[in-house]
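Structural features, examined
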Amino acid sequence: MSGVVHHYGLIALFLVVMLESGGVPLPGETALVAAGVFASQGDLNIVAVIAVAATAAIVGDNLGYWIGRTGGRRLLDRWGRWSERALPWAEGFFDRHGAKTIFIGRFVSILRVTAAWLAGISRMHWWTFFLWNTAGGICWAVLVALVAYFAGQAAADAIAHYGLIGAAVVVGLALVGLVAYHFWRKRLVESP
């Protein structure tokens, strides 16, 4: 298993994160967490994991943006009235909140899949999109990969020193932290 992860792990990470960012509902964040844990065990390099995930997120989001910009309106026009109401609202929303939506969207699973093509459909200015997408992709990759890396290292150390009970405590603490993070993120997204 270690050889497969070592040889193909970064390629798989790139493809999953890129496709998810481009609009395909895949588990990109889960792939990044797994890569961070593998890095903590020495199977991957954490700097490479962060670089690959950030690059994949940026490339995938830009692909999604251009797909939305070039073909998204035609697709929505097939739905008639729905697009007549939704497009003006979406354009106004992205004019007012586009930058922060793109940045924060990197940390929210549904937005991670949809924000790029919605920005393209809404005709968000590409340079603004690119700047905030790049910032969000880099911050997301660094944060998620390092949390997974250090949590993976802590779990391995707990198992080595304290057995499975220690590992269960570490996993429990990680779950509490994850739940707290999700509540914080939800509150941030819902705030005006």
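Check the entry above for the structure.
Residues numbered from 1 in each chain as written. Predicted model: local features only at pLDDT ≥ 70, side-chain atom pairs only at ≥ 80, totals over all residues. Heavy atoms only, no water.

1. Brief notes about the side chain of Arg 106
Secondary-structure assignment places Arg 106 in the loop between helix H4 (81-105) and helix H5 (109-121). What makes Arg 106 buried here is its relative accessible area of 3%. Only 2.9 Å separates the side chain of Arg 106 from the side chain of Ser 21, close enough to count as a polar contact. Beyond its immediate sequence surroundings of up to four residues, Arg 106 is in contact with Ser 21, Ala 57, Asp 61, Arg 112, Gly 136, Gly 137 and Trp 140. (Helix = DSSP H or I, 4+ residues; strand = E, 2+ residues; numbered from the N terminus. Buried < 20%, exposed > 50% of the residue type's maximum accessible area, 1.4 Å probe, protein only. Polar contact = N/O pair within 3.5 Å; in protein donor to acceptor, adjacent residues only side chain to side chain. Contact = heavy atoms within 4.5 Å.)

2. Quick look at the pattern of salt bridges
With the rule as written, the count across this model stands at three salt bridges. Here Arg 106 ties to Asp 61 by a salt bridge, and the two come within 2.8 Å at their closest N and O atoms. Highlighted residues: Arg 106 in the loop between H4 and H5 and Asp 61 in helix H3 (residues 46-77), separated in sequence by 45 residues. For the residue pair Arg 106 and Asp 61, the accessibility class agrees, reading buried in each case. Taken together, the shared-partner salt bridges connect Glu 20, Glu 29 and Arg 112 into one network. (Salt bridge = Lys/Arg side-chain N within 4 Å of Asp/Glu carboxyl O.)

3. Concerning a nonpolar patch on the surface
Taken together, Tyr 8, Ile 11, Leu 15, Leu 19 and Val 24 make up a surface patch of nonpolar side chains, about 470 Å² in accessible area. Position of Val 24 relative to the elements: it lies in the loop between helix H1 (2-22) and helix H2 (28-40). (Patch = residues over 30% accessible without salt bridge, like charges linked within 9 Å, V, L, I, M, F, W, Y side chains within 5 Å. Areas by Shrake-Rupley, 256 points an atom, 1.4 Å probe, with all protein chains shown as cover.)

4. So, the packing of H2 against H3
Their axes nearest at 9 Å, the elements H2 and H3 cross at an angle of 165°. By the angle between their axes, H2 is roughly antiparallel relative to H3. Of the two possible hands of crossing, H2 and H3 adopt the one that is right-handed. On H3, the residues touching Leu 32, Ala 35, Gly 36 and Ala 39 of H2 are Ile 46, Val 49 and Ala 53. Among the residues forming the contact of H2 with H3, the class breakdown is six nonpolar, one polar and no charged. (Axes fitted to C-alpha atoms, helices over the stretch in contact; angles between N-to-C directions. Parallel < 35°, antiparallel > 145°, perpendicular 65-115°, else oblique. Left-handed = near helix turned anticlockwise from the far one by under 90°. Nonpolar A, V, L, I, M, F, W, Y, C, P; charged D, E, K, R; others polar.)

5. Describing the environment of Leu 26
With respect to the helices and strands, the residue Leu 26 is situated in the loop between H1 and H2. Contact partners of Leu 26, with chain neighbours within four places excluded, come to Val 16, Leu 19 and Glu 20.

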